[in-house]
Amino acid sequence: MSSIMTNDTLETWRADADTLEQLAGYRTAAFTLTGQGEPVRLRGAAVSPAMFPLLRATPMLGRVFEPEEERPGANRVAVLSHATWQQRFQGDRDVIGRSLMLDDIPYTVVGVMPPEFYFPDRDTELWTPLSITIPNQRPGNVVIMAFQGLARLQEGVALEQAVAEGQTVVQR
């Protein structure tokens, strides 16, 4: 199940949804990689740490994102696609812990995904955590973010049941 959602909707669903096993957000992104020869543009995606477990994806090297890495100001980390690992880092298994400069910001490589994994499309070269600002309920200080949402239903739950629950959750 996929749709557009906001940070407010995501937080409400996380707190109140009983029909979902996992819920994650993502948005596509482009990064300029520097410090590895000529600057190169990489296609990427910023994803909630829950995205990899939702997709049942495990890295072939290192790890995926920790829940706390989605908070604004958290350490900057990245997971590489298998193709990027091969093409840009010559398949060096010591890439874990290495620093990358993406858009002039240092990121630490924490994982490499297997060759059969791709999300949201086959051209995605790396992933970074989607930094989600928790909605502030003080008047005049509300930050709203929009991104794609993806959910996995609890086993045995019908889509119609999740949609009905979602409408109730959003109306609150």
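Before going into details, it helps to say that this report is about the structure given with it. (Residues numbered from 1 in each chain as written. Predicted model: local features only at pLDDT ≥ 70, side-chain atom pairs only at ≥ 80, totals over all residues. Heavy atoms only, no water.)

Some thoughts on the pairing of strand β3 (residues 40-47)
Argument step 1. The buried fraction of β3 amounts to six of the eight residues, a majority that puts the element mostly inside the structure.
Argument step 2. Hairpin connection from strand β2 (residues 20-34) to β3: five residues lie between these consecutive antiparallel strands, with Gly35 at a positive phi of about 85 degrees.
Argument step 3. Alignment of β3 against strand β8 (residues 126-129), held across four bridges, turns out to be parallel. Across the sheet, residue Val47 finds its bridge partner in β8, namely Pro129. (Buried < 20%, exposed > 50% of the residue type's maximum accessible area, 1.4 Å probe, protein only. Helix = DSSP H or I, 4+ residues; strand = E, 2+ residues; numbered from the N terminus. Pairing = 2+ DSSP bridges.)

What about the nonpolar core?
Argument step 1. Ranked by internal contacts, the top residues of the largest apolar core, which has 19 residues, are Val47, Phe52, Phe65, Met113 and Trp127.
Argument step 2. Among the elements of the structure, β2, β3, α2 (51-54) and β5 (77-80) are those that each provide at least two residues to this core.
Argument step 3. In terms of residue count, the dominant contributor to this core is α2 (three residues).
Argument step 4. Setting aside anything within four residues of it in sequence, one finds Met113 in contact with Phe52, Ala57, Thr58, Pro59, Met60, Val64, Val79, Leu80, Ser81, His82 and Trp127.
Argument step 5. Counting 16 residues, the second largest nonpolar core, distinct from the first, contains Leu33, Phe89, Leu102 and Val112. (Core = buried A, V, L, I, M, F, W, Y, C linked by side-chain atoms within 4.5 Å. Contact = heavy atoms within 4.5 Å.)

Digging into the packing of aromatic side chains
Argument step 1. By the definition in use, this model includes six aromatic pairs.
Argument step 2. A centroid spacing of 4.8 Å and a plane angle of 70 degrees characterise the contact between Tyr26 and Phe119, whose relative ring orientation is edge-to-face. One end of the pair, Tyr26, is in strand β2; the other, Phe119, is in the loop between β7 (105-112) and β8, and 93 residues separate them in sequence.
Argument step 3. You can call Phe119 buried: its relative accessible area is 11%.
Argument step 4. Arranged with centres 6.5 Å apart and planes meeting at 70 degrees, the rings of Phe31 and Tyr107 form a pair that is edge-to-face. You can see Phe31 sitting in strand β2 and its partner Tyr107 sitting in strand β7, a full 76 residues away along the chain. With respect to class, Phe31 is no different from Tyr107; both count as buried.
Argument step 5. One aromatic cluster is present, built from ring pairs that chain together Phe52, Phe65, Phe117 and Trp127. (Phe/Tyr/Trp six-rings, centres within 6.5 Å; stacked < 30°, edge-to-face > 60°.)

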